[in-house]
Amino acid sequence: MKADDSASALREEPLLDIAALRADTPGCASVIHFNNAGAGLLARPVLRTMLDHLELEANIGGYEAADARAEQVHDFYAAIAELINTGPGNIAFAGSATHAYSNALSAIDFRPGETILTTRNDFISNQIAFLSLRKRYGVEIVHAPDHPDGSGVDVAAMAALMRSRRPRLVAATHVPTSSGLVQPVAEIGRHCRELGLLYLVDACQTVGQYGMDVEEIGCDFLTATCRKFLRGPRGSGFLYVSDRALQDGYEPLFIDMHGARWIEPGTYRPADTATRFEEWEFPYATVLGSAAAVRYALRVGLFGGGALGGLSAGLLAGAIGARGALTVAAIGSAAVVIGLVVSPVSRLSRLPSAMKDEAAETATPGEPVTPTG
Ligand SMILES: Cc1ncc(COP(=O)(O)O)c(C=O)c1O
């Protein structure tokens, strides 16, 4: 081992250039912002990219501006692909993680009596979507039990349910919104691949915070937002679709003239790539801003569990000093704990199984789902 590879040498070297990151983050001048799980503060290059594009649209027209920036728009797909280890053709832009998720669900021709196998720690909108599918198509929703040691879903029990129920869909959320839990999505995926089951992963709170590898996870669909730990703009997210799912012909229920070609009066052909999950109209400034955010994140190297927490603390320490940052972090953590205790999501995970579906059923539109998301 070289001398400068040692842990002590690493400690002396700042891993992140906090001053540069602060200078790149206009919001640092005015707020102390912990809500990365809601939406991270935009970096200056992201903001500039979006403003430049809006100006270009204003100056030469929206369609013309899109043509002029075609290469940068393509980079959205390349950048996300690099981030999660896939190809650009496996990525579709989405206006939100929820839209990506429901679009993926819409591709599955559920039949009455088929099963959706999921976990007890999930995003409430996903569960509402499952209930809606139950109401419309008569699917059954089965929740795999948690492991008694608190590490998340009991993968062995979930695998046993996969074998006994042969679910039409297995669905898991990698990092559920409010609890800090990290579900063993790759272990679940190994069983799905072994049994040939369709697998959907919600990685909304993961992307940008943890390194992600869709090959390792073995999922068919994965959904995420760009606005949280990637620090992209609001109204941006993406759907990953595996080659397997594309080849098996999965396509959204309401495919449009961007996702498909109308080749004869009675026939259309879906795009070969995940483009089939997109619509023709596009928020180009947002797509370009998202691409800039992903490139920025890849460049500053935020990936690895908790790295963004470190960055937040660093940004904060730069503003108010290390001791002050620690005090604020402690108060912030306490607020998060209080938020968790009162959040509908944690209440959901404490309910006995029979009541959980009922709780999700009675969740009213507009009820806060999470203190952060
Ligand atoms: C785990 C998880 N999934 C999905 C979503 C929904 O994301 P969006 O608001 O982009 O639809 C959130 C939002 O916070 C989330 O935390």
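Residues numbered from 1 in each chain as written. Predicted model: local features only at pLDDT ≥ 70, side-chain atom pairs only at ≥ 80, totals over all residues.

Quick look at the sheet that holds strand β7 (residues 237-241)
Taken together, seven strands build an open sheet; the order of strands is β1-β7-β6-β5-β4-β2-β3 and the sheet is mixed. A single partner strand is all that each edge strand has here, and the edge strands are β1 (91-94) and β3 (140-143). Going from strand to strand, the sheet's axes swing by 20° on average, the running direction of each strand aside. (Pairing = 2+ DSSP bridges. Helix = DSSP H or I, 4+ residues; strand = E, 2+ residues; numbered from the N terminus. Axes fitted to C-alpha atoms, helices over the stretch in contact; angles between N-to-C directions.)

Describing helix α5 (residues 70-84)
In this model, α5 (15 residues) spans 22 Å end to end at C-alpha, consistent with the 21 Å of a helix rising 1.5 Å per residue. When α5 is considered as a whole, its buried residues turn out to be D75, F76, Y77, A79, I80, L83 and I84. Taken together, the buried residues of α5 touch β1, α10 (214-217), β7 and α12 (284-300). Taken from the residues just after α5, N85 is the one with a positive phi, measuring 65°. (Expected span 1.5 Å × (residues − 1). Buried ≥ 20, exposed ≤ 12 C-beta atoms within 10 Å, placed from the backbone. Contact = placed C-beta atoms within 7 Å.)

Comments concerning the pairing of strand β9 (residues 267-270)
In the sheet, strand β8 (residues 260-264) pairs with β9 via four bridges, with the strands oriented antiparallel. By the bridge assignment for β9, E264 is matched with T267. Between the antiparallel neighbours β8 and β9 lie two residues.

Overview of the environment of A39
With respect to the element layout, A39 can be found in the loop between α2 (18-23) and α3 (44-60). You can call A39 partly exposed: it has 19 C-beta atoms within 10 Å. Sequence separation between A39 and F229 is 190 residues; the distance between their C-alpha atoms is 7.3 Å. Discounting residues that sit within four places of it in the chain, A39 has contacts with R227, K228 and R234.

By themselves, these figures tell us nothing about what the structure is for.
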